[in-house]
Amino acid sequence: MSLESHELEELKTKIGREPTSTELQIIAAEWSEHCSYKSSKKHLKMLPMDGPLVINEKGYDSGVLDVGDGYVVTAHIESHNHPSAVEPYGGAATGVGGVIRDILSAGTRPIALLDGLRFGDIEKDQHAKWLFKNAVTGIADYGNCLGIPTVGGEVEFDECYTNYAMVDVAAIGFGKKENLIKNHAKKGDLVILLGGSTGRDGIGGSQFASDSLESDDRSAVQIPDPFIEKLIIEAILEARNEKLIHAMKDLGGGGLSCAVSETADALDIGIEMDVEKVHTRESDMHSDEIMISESQERMLIITDNEKLIKLQKICEKFRIECSVIGHVTFDKKMHVKKGETTIANLSTDIVANATLLDLPSKKPVYLENIEKIKSFPQLSNYSEVMLKLLASPNIASKIWVYGQYDHEVGIRTVIKPGHDASVLRLDNGKFLSIKIDGNPKQCYINPREGAIGCFEEACRNVVCTGAKPIGMLDHLQFGNPKDPEIFWTFLESLKGLTDFAKEFNIPCVGGKVSLYNETPLGSIKPTPVIGVLGLIDKKPLKIQKINSGDSLIIIGNTKDELGGSEYFEYIHKFIGGMCPTVDFSESKKNMTAVLEIIENEFVKSVHDCSKGGLAIAISELCMTNKIGCNISLEKIPGEKLDSDKILFSESHSRYLITYENKNLQKLQVILKKYNVSYNIIGEFGKDSIFFTSDSKPIIDLSVDKAQNIWFNSLKEMVLHA
Amino acid sequence: MNVGVIVFPGSNCDRDMFHVLSDVFHLNVEYCWHDKPLPKNLDAVVLPGGFSYGDRLRAGVIAAHSPIIQDVKKIAEKGIPILGVCNGFQILVESGLLPGVLLKNDSLNFMCEWTNLIVKNNQTPFTNQFELNQKIPIPIANGEGRYFVDDDTLIELEKNNQIVFKYDQVVNGSSNHIAGVCNEDGNVVGMMPHPERAVESEINPHDNKPSSLIFESLIKKMGVNN
């Protein structure tokens, strides 16, 4: 239990008496960092959260965006880092389950998942490999069983996650606007717990997640049951169609304590409940355990007597349990009884609103000298370096991962995983493009520019499919916030994200803060993960096969920005250098130009340039199209740089455009109209990835060889090494 | 023409199949919940994919003992066309309507990828519009999709022309590359790949026409014009 002594004193003052043991448990869960956001809440307000498409209603656990024609898209992101670090299979699986119920609680059907996974160095560390393998299986087993496609994500390895696991899951929902649950309740309405039974798993999970991970407390990890979750989804959607739900909330962190107090607080009501009415997995559970168990696959529903009968019929059909555990009152109190005995009686306002903190921050000492220009000796040939990068776990194809996820179920997936962003078709003829991106290596070197970079990269990815960004999800993952240096990195990242969101009018529609991500070696690198949703009104870019003779344009300047790059960190084992920065005006005009080019169907494909730099991005085009290329480095726009910097710099706002030569003039009209920096840098053909610098070959690599290495190295690493 | 799509707790491709049958091929479709009797007026039945009963014990084995399967067996004897896709195929095998078993893929992983099928029997209600050996680009998505029969049964299957689809290469280690089979009468067909995910050009990156022939074959068989 993590209630600190001053918090206990505060509680006593607020309620004017000694708290009961149940009250202590409820408060400890609800005032934990995980549930209360006490360290971050004050600052999160800086993010813009409103926009023309945003629908705000009380009590939603997910963001809601109006996509027109009477339809809405919902979105949310969550992580399950602590549990996944202890028990990767169950931790990752229940992470999927939790975020899906957030989508469901708005009254929308979950239609897609994306996951961001981060572990230690799997090349050296067997434990990291075990965590990775089992987290992937956990996600696959859960998402596949539910029939919700996992359409995208990212995987990264870095020593800062040694003995730890970062498992972020974003979920997308879709439904009719008229079917959204309008959370409301009136006196006498019934409070119902529906779904799986309450057991001893996940006891104190939120406090567990709000401390540094010191013990392998497996009882704090929940046990997944995707079959029950699937039944709950179908039962709830049937109940929604019949308008049987007044208000609804998912049971997540803090279990019943959190769901009951937060629902009551959001709806301005009181709730009286009896722990003896809760259906439990074991007969001898203590009341306190029932109140804070984080057993999965449970939903809290408020409805009236008449609708209850219909709801019970639906539950019978799906053979899931549903218990009336209490009723709505108007005293704004959370009144918990065990039979006739009161075991907790607290103002919901006190429970649901922990005192917010204003933690001190201070620029970390390590940042003073980390950002400066750094150069390495030049090689005459970079083919070997390329092979090494293509085989590296962060750059190698992730097909071993997404090949285990059903990414087709639901028959919406137009652009499948393995491209820049995934695209789903919606029922109104529009398309939704989605992507999540993180970059802890750059965020470590410059927390502000790194975070902006993640945001811009996710935008670039959806823009590559022809989508205009309409909403953002942020997941801010940092170490112990009580360390002022860590808290400073949190604030810097948040400020950067806010600036970008405001400048580009992209509202933050959902998010999560995960703090206390500490490993035995110290704090993780700042790890904000940004999800961007984009909308396509007409048609997404139909990616066409690249043929011999097709040409390549790069949009955007390549700069001396190799800080946090794979080239510096993987090849040279060097942490430092200049972090890529986003020039907002350049970023904006490049995005606009690319969207117009795609809309006019002047191109065969558009590819984002990011991890590994343009050498890797161009190679990806060659490998997926099984065709060679001939690229001249001196044609790359930007200041004059060493060859390795041109090849591997990870500068932002760059796009690779493949086109048939007959479309060149029409393309150039648009590029000139927006005055973007661009150049024709080469063409496709033959069977080797061929780069020249001043007419001398600097990379010459067989496409077959490159593809074989890129495609298989991650799988080999997991299964055989 | 009335097609029933059977729904078990945990089915998850039922809505996709319903959409394809009704919106793409304009058939009358109804969902049939597992604990209700099968409606009398059905001209064909589809068992869609998913994880019936969460794949507990073994994929398809619990659903194979549902009351509705007794009705399915009765109409199978009458020669009514029945198609099982993925978990539906697993259920048909577990209920004894089709020969063989479906084991874990030899990778031991769930596999979601596009494959090519080759039509080996173009006499069934779901393949009569194909040329023999015609190729179908189509996705698979399964963990227990490796079709297995012993050598004697394999000879039997070949003799009776019960092998309907094969993969064009080794995909999951299945016996003789088998991806789909039928019963001796040919009216009950099971296949691991998902035709409902391949019939619309918007979501099929290859060619959607071949897999459409699976449903067009059924329409042809029933003699209805849509």
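Details of the overall build of chain B
Now for step 1: Across its full length, chain B holds 5 helices and 11 strands.
Now for step 2: Relative to the compact-globule value of 17 Å for 226 residues, chain B shows a C-alpha radius of gyration of 16 Å, a close match.
Now for step 3: For chain B, the spread of C-alpha atoms along the three principal axes comes to 40 × 35 × 35 Å.
Now for step 4: The buried share among the 226 residues of chain B stands at 57%.
Now for step 5: A fraction of 75% describes how many contacts in chain B between residues 6 or more apart in sequence connect residues 24 or more apart.

Remarks on the overall build of chain A
Now for step 1: What chain A contains, in helices and strands, is 24 helices and 27 strands.
Now for step 2: Relative to the 2.2 N^0.38 estimate, which gives 27 Å for 721 residues, the radius of gyration of chain A is 26 Å and therefore close to what a compact globule would have.
Now for step 3: With the C-alpha coordinates aligned to their principal axes, the bounding extent of chain A is approximately 90 × 50 × 45 Å.
Now for step 4: For chain A, the proportion of its 721 residues judged to be buried stands at 63%.
Now for step 5: Intrachain contacts of chain A at a sequence separation of at least 6 include 84% that bridge at least 24 residues.

Concerning the domain arrangement of chain A
Now for step 1: Parsing chain A into structural domains produces domain 1 (1-31 + 181-354), domain 2 (37-172 + 418-510) and domain 3 (376-396 + 541-721).
Now for step 2: In this structure, domain 1 of chain A and domain 3 of chain A have C-alpha centres spaced 51 Å apart.

A closer look at unusual backbone geometry
Residues and elements named next belong to chain A.
Now for step 1: Phi is positive for Lys243, close to 55°, though the residue is something other than glycine.
Now for step 2: Here Lys243 shows up in the loop between α9 (226-241) and β7 (247-250).
Now for step 3: By C-beta crowding, Lys243 is classed as partly exposed, having 13 other C-beta atoms within 10 Å.
Now for step 4: In this structure, Lys686 is a non-glycine residue whose phi angle is positive, near 55°.

Digging into the sheet that holds strand β23 (residues 629-632) of chain A
Whenever strands of a sheet pair, they do so through backbone hydrogen bonds, lying parallel or antiparallel.
Residues and elements named next belong to chain A.
Now for step 1: With mixed pairing, the 7 strands of this open sheet are ordered in space as β22-β24-β21-β25-β23-β26-β27. Both outer strands of the open sheet, β22 (605-608) and β27 (696-702), are each paired with one neighbouring strand and no more. Across this sheet, the average inter-strand angle for adjacent strands is 20°, counted without regard to direction.

Some points on the interface of chain A and chain B
The accessible area lost on association of the parts is a frequent measure of interface size.
Now for step 1: Taken together, the contact between chain A and chain B spans 23 residues of the former and 21 residues of the latter.
Now for step 2: Those elements giving two or more residues to the side of chain A that touches chain B turn out to be α7 (126-146), α9 and β13 (413-415) of chain A.
Now for step 3: By residue class, the composition of the side of chain A that touches chain B is 11 nonpolar, 7 polar and 5 charged.

Regarding the sheet that holds strand β6 (residues 111-119) of chain B
All names here are of chain B.
Now for step 1: Pairing is mixed in the open sheet, where 9 strands are placed in the order β2-β1-β3-β4-β11-β10-β9-β6-β7. In this open sheet, the two strands that pair with only one neighbour each are β2 (28-33) and β7 (135-142). Within the sheet, the average angular offset between the axes of one strand and its neighbour, ignoring direction, is 25°.
Now for step 2: Relative to strand β9 (residues 163-167), β6 runs antiparallel, the two sharing 3 bridges. Bridge pairing in β9 places Leu117 opposite Tyr167.

Let's talk about the packing of α9(A) against helix α12 (residues 305-318) of chain A
All names here are of chain A.
Now for step 1: Where α9 contacts α12, the axes come no closer than 10 Å and their chain directions differ by 150°. Viewed along their axes, α9 and α12 adopt a mutual orientation that is roughly antiparallel. The interaxial crossing formed by α9 with α12 has right-handed handedness. Contact residues: α9 offers Leu231, Glu234, Ala235, Glu238 and Ala239, while α12 offers Leu311, Ile314, Cys315 and Phe318.

Notes on the pairing of strand β21 (residues 551-555) of chain A
All names here are of chain A.
Now for step 1: The buried fraction of β21 is high, at 5 of 5 residues.
Now for step 2: Burial along β21 is two-sided: the face carrying Ser551, Ile553 and Ile555 and the face carrying Leu552 and Ile554 are both buried.
Now for step 3: Here β21 runs beside strand β24 (residues 655-659); their pairing, made up of 5 bridges, is antiparallel. Along β24, the bridge assignment pairs Ile554 with Leu656.
Now for step 4: Relative to strand β25 (residues 678-684), β21 runs antiparallel, the two sharing 5 bridges. Considered in β25, the bridge of Ser551 is made with Glu683.

Brief notes about the nonpolar core
It is characteristic of soluble globular proteins that their nonpolar side chains tend to be buried jointly.
Residue and element names in this part refer to chain A.
Now for step 1: Phe455 and Val594 are the most contacted members of the largest nonpolar core, which totals 304 residues.
Now for step 2: It is α7 that provides the largest number of residues to this core, a total of 10 residues.
Now for step 3: Filtering out sequence-adjacent residues up to four positions away, Phe455 remains in contact with Met472, Leu497, Phe500 and Ile530.

Thoughts on helix α2 (residues 21-30) of chain A
The α-helix advances 3.6 residues per turn, and as a result positions three or four apart in sequence lie on the same side.
Now for step 1: With 8 of 10 residues buried, α2(A) lies mostly within the body of the structure.
Now for step 2: Those residues of α2(A) not exposed but buried are A:Thr22, A:Glu23, A:Gln25, A:Ile26, A:Ile27, A:Ala28, A:Ala29 and A:Glu30.

Observations concerning helix α21 (residues 613-625) of chain A
All names here are of chain A.
Now for step 1: Between its terminal C-alpha atoms α21 stretches 19 Å, which fits the 18 Å expected from 13 residues at 1.5 Å a residue.
Now for step 2: Across the 13 residues of α21, 12 count as buried, placing the element largely inside the fold.
Now for step 3: Every buried residue of α21 is accounted for by Gly613, Leu614, Ala615, Ile616, Ala617, Ile618, Ser619, Glu620, Leu621, Cys622, Met623 and Asn625.
Now for step 4: Of the residues trailing α21, Lys626 is marked for its positive phi of about 50°.

Procedures and definitions
Counting from 1, residues in each chain are numbered in the order their sequence is written. Throughout, the order in which chains and ligands are written sets their labels, letters from A for the former and numbers from 1 for the latter. Owing to the predicted nature of the model, reporting of local features is limited to residues with pLDDT of at least 70; listing and counting of side-chain atom pairs is limited to 80 or more, with chain, interface and lining totals taken over all residues. Only runs of H or I of at least four residues qualify as helices and only runs of E of at least two qualify as strands under DSSP, and these elements are numbered from the N terminus. As defined in this context, the radius of gyration uses C-alpha atoms, and a globule is described by 2.2 Å times the residue total to the power 0.38. Here the C-beta atoms are placed from the backbone, and a residue counts as buried if at least 20 other C-beta atoms lie within 10 Å of its own, exposed if 12 or fewer do, and partly exposed otherwise. Throughout, a residue-residue contact means that the two C-beta atoms, derived from backbone geometry, are no farther apart than 7 Å. An automatic or database domain assignment provides the domain bounds reported here. Should DSSP find at least two bridges between two strands, the strands are regarded as paired. Inter-axis angles, ranging from 0 to 180 degrees, are taken between N-to-C directions of lines fitted to C-alpha atoms, where helices are fitted over the stretch in contact. Residue classes follow a fixed rule: Ala, Val, Leu, Ile, Met, Phe, Trp, Tyr, Cys and Pro count as nonpolar, while Asp, Glu, Lys and Arg count as charged, and any other residue, Gly among them, counts as polar. Roughly parallel means an angle under 35 degrees; roughly antiparallel, over 145; roughly perpendicular, 65 to 115; everything else is oblique. Take the far helix as the reference: if the near one is turned anticlockwise from it by less than a right angle, the crossing is left-handed, and if turned clockwise, right-handed. A set of buried Ala, Val, Leu, Ile, Met, Phe, Trp, Tyr and Cys residues, joined to one another through C-beta atoms within 7 Å, is what we call a nonpolar core. An expected span of 1.5 Å times one less than the residue number is assigned to each helix.

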